[in-house]
Amino acid sequence: MSEQEGTIEKMMMPKPFKFFDSHGHPGLEKKGIMERPGCFDMWAGNTVGARTLMGARAALGDPNPMSIITKPEECPEFSPQTFIDYMDRSNVEAMCLQCIHGISDPYPGNKEGWKWYVPNEYVKKEFIDAYPGRFTAVGGVHARYGKEAAVEMVLSAHECGFPGCKFHTPTAGYPNNPDLYPAYEKMSELGMHLQVHTGQEELPGTRAKYQDPVYLDDVAMDFPNLRILQLHCGLFNNPMQGLWNVMKFENVYTDITVPHPTLMQFKYYWDLDHMRVLEFFMPDKVFYGTDFPLTLTVYQAMIDNIMNMPLSLDFKYKLMGDNFRKFLNWESKSDNP
Ligand SMILES: [Zn+2]
C-alpha cells in the first residue's frame, strides 16, 4: 500500500499545518487604552463596530455584553496574551499586526477629524518583543501632516524592524495622493512593503470614495518595485477592481480578510466559487487574515470553513500561511511551519 495519504484523508485533516494570520489589530487592549487615540471608541458607544464586538465581550467574560460601554473600566479583559491564547487554540503560528496612523476628514460634530493611533513602539514592546516568533507588524503612515512627516513615519517603522507600513485610506485619504509619494519612494529604497485598506469601513469620519481599490492602480503603476498588499480586496465597495489589481500588477497582492463575517457579503469570503477564482488566477498572491479581535468569536470557525472547502490542499497551504511567509521572508521559530 502506498505510504501517501489519499485525497479523502487529506481533506479530513482539520489542521495539517500551522497557519499565519496576515491581518490583526493591536490597540484594543484594556491596559492604557486611553493612551491610544481611537481605540476606546471601538468598544464604546452604540456604533456598528461596538455592537459587532459585543460577541467578543461575551466570549471574554463580560457579564453584560449587550450594555453600551461608556468608560474605559468597562472594557473587557483583553491583552496581548488573549491574542496568543486564540492563536494557540487555532494552530496559528504568527500574526501580522497593523500599527495605525490616521486622522479622518472633518465631519459634523468633529472639526478636527477622528483620530486613530496605535504607536509602533507600543506594538514592538508589548507584542513582538514579549512573544518572540509570534508577531510581526507594519507601521502606520499618512500624509495629513505633510510629505516629510510621512517619510518620518516610514523611518520609524524601519527602526522598529517592521517589514512594511500600512496606509488606512478611510481615515487618511486617497492612496495615490502625491504627498505620499516620497514615503513610497523611501519604502521602496528600504525594501519595505505597503499595505493599503480597500473596501468599506464604519469608523467615524471615514469616506467610501477613498477606499475604492481603483486608486491603487496609480500607486502600483508608479512604483513597480514597491510590493503592495491590498487589504480586504475592495470588499463591499469594488471587489472586482480588487481582483483585477492583483491580476494586472505583479507587485500587488491581496488578503481575503472580512472584518465582520456575519455582516459582510458571504460571497467574498465563504463562497466556494470566489475561492476557486483565487485558486485559479492568483494562487501565490493571496493571504489569509482575520481582523482579530473583530472576529474573535469565529476565529476557529473561519479557519475550519476554509480548510473544509473542496479546494486543493496545495492552495490551502499557500493561502493559509505559506504565501505570506514568503512575502515577508519569515523564518519560523518552530520546526512545524
Ligand atoms: Zn483590518
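Residues numbered from 1 in each chain as written. Predicted model: local features only at pLDDT ≥ 70, side-chain atom pairs only at ≥ 80, totals over all residues. Heavy atoms only, no water.

## A look at the overall build of the protein chain
Then, in step 1: When helices and strands are counted, the protein chain shows 14 helices and 10 strands.
Then, in step 2: Computed over the C-alpha atoms, the radius of gyration of the protein chain is 19 Å, within 12% of the 20 Å expected from 2.2 N^0.38 for a compact globule of 337 residues.
Then, in step 3: Based on the C-alpha atoms only, the size of the protein chain along its principal axes is roughly 70 × 50 × 35 Å.
Then, in step 4: Scored against the burial criterion, the 337 residues of the protein chain give a buried share of 56%.
Then, in step 5: Residue pairs in contact within the protein chain that sit at least 24 positions apart in sequence constitute 76% of those at least 6 positions apart. (Helix = DSSP H or I, 4+ residues; strand = E, 2+ residues; numbered from the N terminus. Rg over C-alpha atoms; globule rule 2.2 N^0.38 Å. Buried < 20%, exposed > 50% of the residue type's maximum accessible area, 1.4 Å probe, protein only. Contact = heavy atoms within 4.5 Å.)

## What about the nonpolar core?
Then, in step 1: With 87 residues, the main nonpolar core has Phe 135 and Tyr 184 as its most contacted residues.
Then, in step 2: Residue contributions to this core peak at five residues, all from helix H13 (residues 299-307).
Then, in step 3: Ala 94, Leu 231, Tyr 253 and Trp 330 belong to the second largest nonpolar core, which has 12 residues in total. (Core = buried A, V, L, I, M, F, W, Y, C linked by side-chain atoms within 4.5 Å.)

## Overview of the environment of Leu 60
Then, in step 1: With respect to the secondary-structure elements, Leu 60 resides in the loop between helix H4 (54-59) and helix H5 (80-89).
Then, in step 2: Residue class for Leu 60 comes out buried when judged on its relative accessible area of 18%.
Then, in step 3: Spatially, the C-alpha atom of Leu 60 lies 9.0 Å from that of Thr 82, the residues being 22 residues apart in sequence.
Then, in step 4: If we ignore the near neighbours within four places in the chain, the residues touching Leu 60 are Trp 43, Pro 76, Glu 77, Phe 78, Thr 82 and Leu 296.

## Focus on unusual backbone geometry
Leaving glycine aside, a negative phi is the common case for residues, and trans is the common case for peptide bonds.
Then, in step 1: Omega for the bond connecting Phe 292 with Pro 293 falls within 30 degrees of zero, at 10°, which places this linkage in the cis form.
Then, in step 2: The topology assignment puts Pro 293 in the loop between strand E10 (286-287) and H13.
Then, in step 3: For Cys 233, which is not glycine, the phi dihedral falls at a positive 55°.
Then, in step 4: Following the sequence through the fold, Cys 233 ends up in the loop between strand E8 (228-231) and helix H11 (239-248).
Then, in step 5: Since its relative accessible area comes to 8%, Cys 233 is described here as buried.
Then, in step 6: Its identity as a non-glycine residue notwithstanding, Asp 291 has a phi of 65°, on the positive side.

## A short note on the sheet that holds strand E1 (residues 19-24)
Then, in step 1: Sheet architecture is open: eight strands sit in the order E1-E2-E5-E6-E7-E8-E9-E10, paired in parallel fashion. Because the sheet does not close on itself, it has two edges, and the strands there are E1 and E10.
Then, in step 2: In terms of strand pairing, strand E2 (residues 92-98) meets strand E5 (residues 135-140) through four bridges, oriented parallel. Residue Gln 98 lies in a different strand from E5, and its bridge partner there is Val 138.
Then, in step 3: Each of E2 and E5 touches H5; the most contacted strand, E2, lies at about 140° to it. (Pairing = 2+ DSSP bridges. Axes fitted to C-alpha atoms, helices over the stretch in contact; angles between N-to-C directions.)

## Things to note about the pattern of salt bridges
Then, in step 1: On inspection of all chains with the given rule, the structure shows 14 salt bridges.
Then, in step 2: When salt bridges with common partners are traced through the structure, they connect Asp 105, Arg 144 and Arg 207 into a single cluster. (Salt bridge = Lys/Arg side-chain N within 4 Å of Asp/Glu carboxyl O.)

## Observations concerning H13
Then, in step 1: For H13, the complete set of buried residues consists of Tyr 299, Met 302, Ile 303, Ile 306 and Met 307. Buried residues along H13 cover an arc of 130° about the axis, so they all sit on one side. (Arc of directions from axis to C-beta.)

## Some thoughts on helix H12 (residues 272-281)
Residues separated by three or four positions in an α-helix point in the same direction, a consequence of the helix having 3.6 residues per turn.
Then, in step 1: For H12, the full list of buried residues reads His 274, Met 275, Leu 278 and Glu 279. Angular distribution of buried residues about the axis of H12 spans 140°; they occupy a single face of the element. Counted as exposed and oriented over 90 degrees from the buried face of H12: Asp 273 and Phe 280.
Then, in step 2: Tucked inside the fold, the buried residues of H12 contact H11, E10, H13 and helix H14 (313-328).
Then, in step 3: Two to three positions downstream of the cap, the backbone nitrogen of Asp 273 sits 3.0 Å from a side-chain oxygen, assigning the N-cap of H12 to Asp 271. (Polar contact = N/O pair within 3.5 Å; in protein donor to acceptor, adjacent residues only side chain to side chain.)

## Digging into the coordination of the zinc ion
Then, in step 1: The zinc ion binds to the protein through His 23 (NE2), His 25 (NE2) and Asp 291 (OD); the donor distances cover 2.1 Å.
Then, in step 2: Spacing between the donor residues of the zinc ion along the chain follows H-x1-H-x265-D. Remark: Asp 291 occurs in the loop between E10 and H13 and His 23 occurs in strand E1; sequence separation between them is 268 residues.
Then, in step 3: Taking relative accessible area as the criterion, Asp 291 reaches 3% and is therefore assigned buried. (Donors = N, O, S within 2.8 Å, 3.2 Å for Na, K, Ca; no water.)

## Quick notes on the packing of aromatic side chains
Then, in step 1: Tallied over the entire structure, the rule returns 27 aromatic pairs.
Then, in step 2: When the centroid spacing of 6.1 Å and the interplanar angle of 75° are considered together, the rings of Tyr 131 and Phe 135 count as edge-to-face.
Then, in step 3: Relative to Phe 327, the ring of Tyr 253 has its centre 4.8 Å away and its plane inclined at 65°; by these criteria the two rings are edge-to-face. Note that Tyr 253 is positioned in strand E9 (residues 252-255) and Phe 327 in helix H14, a separation of 74 residues in sequence. Each member of the pair, Tyr 253 as well as Phe 327, is classed as buried. (Phe/Tyr/Trp six-rings, centres within 6.5 Å; stacked < 30°, edge-to-face > 60°.)

## Notes on the environment of Asn 305
Then, in step 1: Secondary-structure assignment places Asn 305 in helix H13.
Then, in step 2: With 35 residues separating them in the primary sequence, Asn 305 and Trp 270 have C-alpha atoms 7.2 Å apart.
Then, in step 3: Sequence-distant contacts of Asn 305, defined by excluding residues within four places in its chain, comprise Tyr 269 and Trp 270.

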